[in-house]
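# Coordinate inspection notes
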Protein chains: 2
Amino acid sequence: MELTNKHITVIFKALCDENRVQIVRLLQNGEKCACKLLEALQCTQPTLSHHMKILCDSGLVVGRKEGKWMYYSISADGTEEAVNVLRELTKVGISESGGCCCK
Amino acid sequence: MELTNKHITVIFKALCDENRVQIVRLLQNGEKCACKLLEALQCTQPTLSHHMKILCDSGLVVGRKEGKWMYYSISADGTEEAVNVLRELTKVGISESGGCCCK
DNA sequence: ACGACATATTGACAAATTTCAATTTGTGTG
DNA sequence: CACACAAATTGAAATTTGTCAATATGTCGT
């Protein structure tokens, strides 16, 4: 599979915002409905909805609809992929000869 | 050690920008001087300098000054910490009972 | 000390992101 | 069907981020 810079940024943009990091932490002890997240966070419902969209788009979180409620949880597949992407991206390969391009 | 949401965002903000992701990829085959990065990227020198600062602040990249040149490379320690942080953050613990808070 | 060069910093502007109020969509219940 | 409720979408304002031109800082060679 290809791994564009764009795709990589989508994954890590999810964790660029303190509120979203907090949301992930809240999901660490299991699936939670949106309203529970909403009362834990200090933001409005549309703002939470926006953050959840970004988290879901990144693949780190998955949503499950049940009636009028929305349940969110950490995606094992998504987070594993994120760790792999981060490891791949920061893996150092064949070291080139040093020296500067400028004379 | 403590691990604030703020600290976590600093790490992952580094990988939020396509140019910075590209820079990390360029560093994968060894240390590079700023001017070499500059000719690979399509941006001005101040912009590159700005991105390098963010990458260094995140700990993922380290800089080494040699004369008038600046050499950058991927930090093994920094990237290992980033992977650990990501794994810690996305680790699912004791699953709580399901159900919605709303009646 | 002076000039040339590499990098960093400053200031300004454009683009993207975060946030909320208002509204819409979707779902279940009386 | 009408109402109530949960979540998503829209649109606008405030903030943050990315970018560049201009300038400053630091280093080397003459």
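This text follows the structure it describes.
This write-up is about the structure you can find in this document. (Residues numbered from 1 in each chain as written. Chains lettered and ligands numbered in written order. Predicted model: local features only at pLDDT ≥ 70, side-chain atom pairs only at ≥ 80, totals over all residues. Heavy atoms only, no water.)

Here we take up the relation of the copies chain B and chain A. The transform that puts chain B on chain A rotates by 180° and translates by 0.0 Å along the axis, for an RMSD of 0.1 Å. Here the symmetry operator amounts to a two-fold rotation axis. Across chain B, the smallest distance between a C-alpha and the rotation axis is recorded for Phe12(B), namely 2.9 Å. (Least-squares fit on C-alpha atoms with pLDDT ≥ 70 in both.)

Lining the immediate surroundings of DNA strand C are 23 residues, of which Asn19(A), Arg20(A), Thr47(A), His51(A) and Gln45(B) lie closest. Those atoms of DNA strand C that come within 4 Å of the protein belong to sugar or phosphate at a rate of 70%. Within the side chain of Asn19(A), an N or O atom sits 2.8 Å from a phosphate oxygen of DNA strand C. Between DNA strand C and Lys65(A), the relevant distance is 3.4 Å, taken from a sugar or linking oxygen to a side-chain nitrogen or oxygen of the residue. When residues of the surface near DNA strand C are traced back to their parent elements, those giving at least two are helix H2 (18-27) and helix H4 (45-58) of chain A together with helix H3 (34-40), helix H4 (45-58) and strand S3 (69-74) of chain B. Element by element, the count of residues in the surface near DNA strand C is highest for H4(A), at five residues. (Near = heavy atom within 4 Å. Polar contact = N/O pair within 3.5 Å; in protein donor to acceptor, adjacent residues only side chain to side chain. Helix = DSSP H or I, 4+ residues; strand = E, 2+ residues; numbered from the N terminus.)

A few words on the protein's contact with DNA strand D. Neighbouring DNA strand D are 24 residues, the closest being Gln45(A), Asn19(B), Arg20(B), Thr47(B) and His51(B). The contact atoms of DNA strand D, taken as those within 4 Å of the protein, divide so that sugar and phosphate hold 74%. A distance of 3.0 Å separates a phosphate oxygen of DNA strand D from a polar side-chain atom of Tyr72(A). Contact between DNA strand D and Thr47(B): a phosphate oxygen at 2.8 Å from a side-chain N or O atom of the residue. Take the surface near DNA strand D: its biggest share by element is five residues, from H4(B). Per-class residue counts for the surface near DNA strand D are 10 nonpolar, eight polar and six charged. (Nonpolar A, V, L, I, M, F, W, Y, C, P; charged D, E, K, R; others polar.)

In this section: the pairing of strand S2 (residues 61-66) of chain B. Residue and element names in this part refer to chain B. Where S2 lies against S3, six bridges are found, and the strand directions are antiparallel. By the bridge assignment for S3, Arg64 is matched with Tyr71. With antiparallel pairing between neighbouring strands as the criterion, S2 and S3 make up a hairpin whose turn holds two residues, including Gly67 at a positive phi of roughly 65°. (Pairing = 2+ DSSP bridges.)

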